[in-house]
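# Commentary on secondary and tertiary structure
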Amino acid sequence: MSVDALDVTFAALADPTRRAILARLKAGEATVTELTAPFDMTQPAISKHLKVLERAGLISRGRDRQRRPCRLETAALKEATDWLEGYRSFWADRYDNLDTLLNELKEEDTRHE
């Protein structure tokens, strides 16, 4: 995933309303009207959030007769998770090294008592 794509994904995820929309879409596809229901927002406001999510590749919109359902798309989330995983591994290694050092210092301290 390119840095620009990651920027767009993380920018889309930065908003709590958009994260709530994604959480709702985990349960299955929904229309804009259905997505608007739990929010104190207008349908055009939710549509703007949906456009941001769609540009980031986090959702897609289909057409089913008169319905235009939104669906969660997992590829962009997986790429962002994979990117974050590299840092999780890095910090886990750092914490393991710190634990080792602290244990060595503790052992050295008990020998000097």
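Residues numbered from 1 in each chain as written. Predicted model: local features only at pLDDT ≥ 70, side-chain atom pairs only at ≥ 80, totals over all residues. Heavy atoms only, no water.

### Things to note about the overall build of the protein
Helix and strand counts for the protein stand at five helices and two strands. Each helix and strand of the protein, ordered N terminal to C terminal, gives the series α-α-α-α-β-β-α. Against the globule reference of 13 Å for 113 residues, the protein gives a C-alpha radius of gyration of 22 Å, more extended than a compact globule. Dimensions of the protein, computed from C-alpha atoms along their principal axes, come out at roughly 80 × 30 × 20 Å. Excluding contacts between residues fewer than 6 apart, the proportion of contacts in the protein whose partners are at least 24 apart in sequence is 50%. Accessible surface computed for the protein: about 8100 Å², of which carbon and sulfur atoms make up 53%. (Helix = DSSP H or I, 4+ residues; strand = E, 2+ residues; numbered from the N terminus. Rg over C-alpha atoms; globule rule 2.2 N^0.38 Å. Contact = heavy atoms within 4.5 Å. Areas by Shrake-Rupley, 256 points an atom, 1.4 Å probe, with all protein chains shown as cover.)

### Description of a negative patch on the surface
A contiguous patch of negative charge, built from Glu104, Glu107, Glu108, Asp109 and Glu113, is present on the exposed surface. Mapped onto the secondary structure, Glu113 falls in the segment after helix 5 (75-111). (Patch = residues over 30% accessible without salt bridge, like charges linked within 9 Å, V, L, I, M, F, W, Y side chains within 5 Å. Salt bridge = Lys/Arg side-chain N within 4 Å of Asp/Glu carboxyl O. Lys, Arg positive; Asp, Glu negative; His and termini not counted. Charge placed at Lys NZ, Arg CZ, Asp CG, Glu CD.)

### Quick look at the packing of helix 1 (residues 3-13) against helix 5
The N-to-C vectors of helix 1 and helix 5 enclose an angle of 100°; their axes lie 10 Å apart at closest approach. Regarding the angle of helix 1 to helix 5, the classification is roughly perpendicular. On helix 5, the residues that touch Leu6, Thr9, Phe10 and Leu13 of helix 1 are Ala76, Leu77, Glu79, Ala80, Trp83 and Leu84. (Axes fitted to C-alpha atoms, helices over the stretch in contact; angles between N-to-C directions. Parallel < 35°, antiparallel > 145°, perpendicular 65-115°, else oblique.)

### Section: helix 1
Restricting attention to buried positions, one finds in helix 1 the residues Leu6, Thr9, Ala12 and Leu13. One side of helix 1 carries all its buried residues, which in axial view fall inside an arc of 130°. Set apart from the buried face of helix 1 by more than 90 degrees, the exposed residues are Val3 and Asp4. Contacts made by the buried residues of helix 1 are with helix 2 (16-25), helix 4 (43-55) and helix 5. (Buried < 20%, exposed > 50% of the residue type's maximum accessible area, 1.4 Å probe, protein only. Arc of directions from axis to C-beta.)

### Considerations on the packing of helix 2 against helix 4
As a packed pair, helix 2 and helix 4 sit with axes 10 Å apart at the nearest point and diverge in direction by 75°. Viewed along their axes, helix 2 and helix 4 adopt a mutual orientation that is roughly perpendicular. Counted together, Thr17, Arg18, Ile21 and Leu22 of helix 2 and Ile46, His49, Leu50, Val52 and Leu53 of helix 4 form the full contact between these two elements. Of the residues belonging to the contact of helix 2 with helix 4, the class tally is six nonpolar, two polar and one charged. (Nonpolar A, V, L, I, M, F, W, Y, C, P; charged D, E, K, R; others polar.)

### What to know about the nonpolar core
Core analysis: the biggest nonpolar cluster contains 16 residues, and Ile21, Leu25, Leu35, Leu50, Leu53, Leu58 and Ile59 have the highest contact counts within it. Secondary structure elements with two or more residues in this core: helix 1, helix 2, helix 3 (32-36) and helix 4. (Core = buried A, V, L, I, M, F, W, Y, C linked by side-chain atoms within 4.5 Å.)

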